[in-house]
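Structural overview
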Amino acid sequence: MTTSPVPTYQHILLTVEDRIAIATMNRPSRRNALSLEHMEELIDAFRTLGRRGDIGVIILRGAGPAFCAGHDLSEMTGRSPEFYRHIFDICTVLMETIQAIPQPVIAQIHGIATAAGCQLAATCDLVVAADDARFATPGVKIGLFCSTPMVALSRAVPAKLALEMLLTGDPISASEAHQFGLVNRVVPIADLETTTLALAQKIASASSAVIGIGKQAFYRQINMPQHQAYGYAKEVMSFNATFADAQEGICAFLEKRPPQWSDRS
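Attention here is on the structure that accompanies the text. (Residues numbered from 1 in each chain as written. Predicted model: local features only at pLDDT ≥ 70, side-chain atom pairs only at ≥ 80, totals over all residues. Heavy atoms only, no water.)

One pass over the full model with this rule turns up 3 aromatic pairs. Between Phe83 and Tyr84 the ring centres are 6.3 Å apart and the planes differ by 70°, which places this aromatic pair in the edge-to-face class. Since its relative accessible area comes to 17%, Phe83 is described here as buried. Since its relative accessible area comes to 22%, Tyr84 is described here as partly exposed. Each ring, one from Phe218 and one from Tyr219, has its centre 5.3 Å from the other, and the planes form 85°; the classification is edge-to-face. On the basis of relative accessibility, which here comes to 44%, the residue Phe218 falls in the partly exposed class. (Phe/Tyr/Trp six-rings, centres within 6.5 Å; stacked < 30°, edge-to-face > 60°. Buried < 20%, exposed > 50% of the residue type's maximum accessible area, 1.4 Å probe, protein only.)

Another aspect to go through is the pattern of salt bridges. Counted according to the given criterion, the structure contains 10 salt bridges. With a closest N to O distance of 2.7 Å, Arg257 and Glu248 form a salt bridge. The exposure class assigned to Glu248 is buried, which follows from its relative accessible area of 17%. Each of Arg19, Asp263 and Arg264 takes part in one network of salt bridges that share partners. (Salt bridge = Lys/Arg side-chain N within 4 Å of Asp/Glu carboxyl O.)

Our next topic: the state of the cysteines. Counted under the stated rule, the structure contains 0 disulfides. Unpaired in terms of disulfides, Cys91 finds its nearest cysteine sulfur in Cys68, a separation of 9.1 Å. According to the relative accessible area criterion, Cys91 is buried, its value standing at 1%. Summary of cysteine pairing: Cys118 is not part of a disulfide, and the nearest cysteine sulfur, belonging to Cys146, is at 8.2 Å. (Disulfide = S-S within 2.5 Å.)

Time to look at the layout of surface pockets. The space that makes up the largest pocket amounts to roughly 680 Å³. Of all the secondary structure elements, the ones that give two or more residues to the lining of the largest pocket are helix H2 (81-100), helix H3 (116-123), strand S6 (126-130), helix H4 (147-154) and helix H8 (208-221). Put simply, the second largest pocket is a space of about 340 Å³. Every residue lining the second largest pocket is counted, 17 residues in all, and those nearest its centre are Leu73, Ala115, Gly139, Ile142 and Leu144. (1 Å grid on protein atoms, 1.4 Å probe; cavity = no way out; pocket = protein on both sides within 12 Å on 5 of 7 lines; lining within 4 Å. Points joined across faces, edges and corners; volume = space filled by probe spheres on them. Helix = DSSP H or I, 4+ residues; strand = E, 2+ residues; numbered from the N terminus.)

Turning to the sheet that holds strand S2 (residues 20-25), a few remarks are in order. Judged by pairing direction, the sheet is mixed, and its 6 strands sit side by side in the order S1-S2-S3-S4-S6-S9 without closing on themselves. Strand pairing shows two members of the sheet lacking a second neighbour, strand S1 (12-17) and strand S9 (185-187), which therefore form its edges. Going across the sheet, the axis of each strand differs from the next one's by a mean of 20°, ignoring polarity. The pairing of S1 with S2 spans 6 bridges and is antiparallel. When the sheet's bridge partners are listed, Ile12 is paired in S2 with Met25. (Pairing = 2+ DSSP bridges. Axes fitted to C-alpha atoms, helices over the stretch in contact; angles between N-to-C directions.)

Nothing here speaks to function; it is geometry throughout.
What follows is the structure, given as structure tokens:
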């Protein structure tokens, strides 16, 4: 097992081992609420990890009793419109960074994922949730409609469910989130860490170059008309076929041996 050095942050604990990075939001007393500084640290962490070829997957989780309670409301009173715009600009950059980096990001959810915390879960590429997890966009209850969480949520679940969550603010359970596609897997909380790690290890065993091009292509084609999506995807796949790892993988399959990916030491 190999361990690589990582940067240090005030609100995030970061570890890297065996091609898997684990980013733990570490504001347990605030239920990992997304303060401006916390979001800026997350952006820096994702960008830093995204540039590293020795990392195949990133797990995002929260310390303490919850995954993430959304924006830090203590920063949201008596401010100027410019300040609020800045907060939501930074939040948007964070969400877009998660989907822009080449590594898949798996959210490991326990407790609550509310408002921008629900947005964070919906933005991550995959979600593994404990059976105690709850997801909500409750901004309407405090007079601040969850408009930016709506963007991620409405792209992850059916419109009618997204609107009900947004209009009522009521939470849905982990099993309901799984039923409607917000969550990939629901497990007992005792199995949450091992299940998430096993999924990360399975993905990290593939070629990082291939995973990266596939993730990028997925998000680019998802909202294209079908014919345009096929035109784009065939160009991506043709380019992918020239990769050394594609040729190695095909040969390994034909020769009935494990592939030796180019990004492994």
